Amino acid sequence: LARLVASAPEDAIAAVAQRLDDAGATVCDAAELMRILRRAKQEASLLIALADLGGVWDAVEVTRALTRFADAAVGCALRFLLLEADAAGKLALPSRDAPEDGCGLVILALGKHGAGELNYSSDVDLVVLFDPDAPALPPDSAAQALYVRLTKGIVKLLQERTEDGYVLRVDLRLRPDPGSTQIAISLPAAATYYETLGQNWERAAFIKARAVAGDKRIGEAFLKELAPFIW
């Protein structure tokens, strides 16, 4: 508490996010990363609640800070898993210093998360897409199986309850046809779905879509391609 109130809340939440960025790149043990993520959640929650109750931040600033933490947590989990997959030879990342670049996977946030409007009890609505021709994929690799495993790993790191609690509840049901598709979907398959079978509620939901983790360039290109579909 003393450390948090010793600086402006904007600086304190930025420091929490930076620690998560660093942890995703340096921590080598999943259990340790889960502890770091959950204790960062506790610190961010205390900080944001103090700024909220004390009238330092208004509602917009509070929801923006909650969203910033969620972005950092999702990015931390994915970065850890990408580097782990690279070390195991499952991926051949172009750069371990920037593992997201060229990794072939992007995480889109929809709903309140995508709009920067998370509240204290919100889950995060994520859509996970991958490029089946990504340069990071080794020859003859099963792209979908690999990216599905990464997605399951993200959910475990963020959602599993431990003695330190949990970080975020993850909802993957806003992806195309969730009853019959894998939790990670190829970009071509997703584009075909939205062009041919997309529902009106999906046209509305994607107004709030935002690339939050992974190779954001392919996510932004996908959203640009999808623009005629989005209301």
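Rules and cut-offs
Residues numbered from 1 in each chain as written. Predicted model: local features only at pLDDT ≥ 70, side-chain atom pairs only at ≥ 80, totals over all residues. Heavy atoms only, no water. Patch = residues over 30% accessible without salt bridge, like charges linked within 9 Å, V, L, I, M, F, W, Y side chains within 5 Å. Areas by Shrake-Rupley, 256 points an atom, 1.4 Å probe, with all protein chains shown as cover. Salt bridge = Lys/Arg side-chain N within 4 Å of Asp/Glu carboxyl O. Helix = DSSP H or I, 4+ residues; strand = E, 2+ residues; numbered from the N terminus. Axes fitted to C-alpha atoms, helices over the stretch in contact; angles between N-to-C directions. Parallel < 35°, antiparallel > 145°, perpendicular 65-115°, else oblique. Left-handed = near helix turned anticlockwise from the far one by under 90°. Contact = heavy atoms within 4.5 Å. Nonpolar A, V, L, I, M, F, W, Y, C, P; charged D, E, K, R; others polar. Buried < 20%, exposed > 50% of the residue type's maximum accessible area, 1.4 Å probe, protein only. Arc of directions from axis to C-beta. Polar contact = N/O pair within 3.5 Å; in protein donor to acceptor, adjacent residues only side chain to side chain. 1 Å grid on protein atoms, 1.4 Å probe; cavity = no way out; pocket = protein on both sides within 12 Å on 5 of 7 lines; lining within 4 Å. Points joined across faces, edges and corners; volume = space filled by probe spheres on them. Pairing = 2+ DSSP bridges.

Undergrad: Give me a nonpolar patch on the surface: which residues, what numbers.
TA: On the surface, Leu-1, Val-5, Leu-46 and Leu-50 cluster together into a nonpolar patch covering about 370 Å² of accessible area. Take Leu-50: it is sitting in helix α3 (residues 30-53).

Undergrad: Quick rundown of the packing of helix α4 (residues 59-87) against helix α6 (residues 143-159)? Include the residues and the values.
TA: When two helices pack together, their arrangement is given by the angle between the helix axes and the distance between those axes. Remark: α4 packs on α6, axes separated minimally by 9 Å, with the N-to-C direction vectors making an angle of 130°. On the basis of their axis angle, the class for α4 and α6 is oblique. You can see that α4 and α6 cross each other, and the crossing is right-handed. Every residue of α6 that contacts α4 at Ala-73, Val-74, Ala-77, Leu-78, Phe-80, Leu-81, Leu-82 and Ala-85 is listed here: Leu-150, Gly-153, Ile-154, Leu-157 and Leu-158. The residue makeup of the contact of α4 with α6, split by class, is 12 nonpolar, one polar and no charged.

Undergrad: So what's going on with helix α7 (residues 187-196)? Residues and values would help.
TA: Within α7, the full set of buried residues consists of Leu-187, Ala-190, Ala-191, Tyr-193 and Tyr-194. For α7, the angular spread of buried residues about the axis comes to 160°, placing them on one side. Turned more than 90 degrees from where α7 packs its buried face, Glu-195 and Thr-196 sit exposed. Each element contacted by the buried residues of α7 is listed here: β2 (124-130), β4 (184-186), α8 (200-205) and α9 (216-226). Between the side-chain oxygen of the N-cap and the backbone nitrogen of Ala-189 there are 3.2 Å, and the N-cap of α7 in question is Ser-186.

Undergrad: Quick one: what's the story with the pattern of salt bridges, residue by residue and with numbers?
TA: Going through the model one piece at a time under the given rule, you end up with 11 salt bridges. For Arg-3, the salt bridge is made with Glu-43, and the minimal N-O distance between the two is 3.0 Å. Linking Arg-3 in helix α1 (residues 2-5) with Glu-43 in helix α3, this pair joins segments that are 40 residues apart in sequence. Accessibility expressed as a relative area gives 55% for Arg-3, which makes it exposed. Given the relative accessible area of 14%, Glu-43 is considered buried. The residue Glu-32 makes a salt bridge to Arg-35 at a minimum N-O spacing of 2.6 Å. Here Glu-32 and its partner Arg-35 are both found in helix α3, three residues apart, which amounts to about one turn of the helix. Looking at Glu-32, the relative accessible area reads 30%, which means it is partly exposed. Taking the relative accessible area as the measure of exposure, Arg-35 reaches 30% and is therefore partly exposed. When salt bridges that share partners are traced, they join Arg-3, Arg-19 and Glu-43 into one network.

Undergrad: Explain the layout of surface pockets to me, using residue names and the numbers behind them.
TA: Each pocket or cavity is described by its volume, and for the largest pocket that value is around 280 Å³. Elements with a minimum of two residues in the lining of the largest pocket: α2 (9-26), α4 and β5 (210-214). Considering each element in turn, the lining of the largest pocket owes the most residues, six residues, to α4. Considering only enclosed or pocket space, the second largest pocket measures out at about 210 Å³ in volume. What lines the second largest pocket is a set of 16 residues, and nearest its centre among them are Lys-41, Leu-66, Asn-119, Tyr-120 and Leu-168. Among the elements of the structure, α3 and α4 are those that each provide at least two residues to the lining of the second largest pocket. Ranked by the residues each element gives to the lining of the second largest pocket, the list is headed by α3, at four residues. Looking at the lining of the second largest pocket residue by residue, the classes come out as 10 nonpolar, four polar and two charged.

Undergrad: Can you tell me about the packing of α2 against α3, naming the residues and giving the values?
TA: Running from amino to carboxyl end, α2 crosses α3 at an angle of 170°, the nearest separation of the two axes being 10 Å. Put simply, α2 runs roughly antiparallel to α3. Residues Pro-9, Ala-12, Ile-13, Val-16, Arg-19, Leu-20, Ala-23 and Gly-24 of α2 touch α3, and the partners they reach there are Leu-33, Ile-36, Leu-37, Ala-40, Glu-43, Ala-44, Leu-47, Ile-48 and Ala-51.

Undergrad: I'd like to hear about the pairing of β5, residue by residue, with values.
TA: Within β5, four of the five residues are buried, which leaves it mostly tucked inside the rest of the structure. One ladder, built from four bridges, connects strand β1 (residues 105-110) with β5; its direction is antiparallel. Residue pairing in the sheet places Ile-107 in a bridge with Ala-213 of β5.

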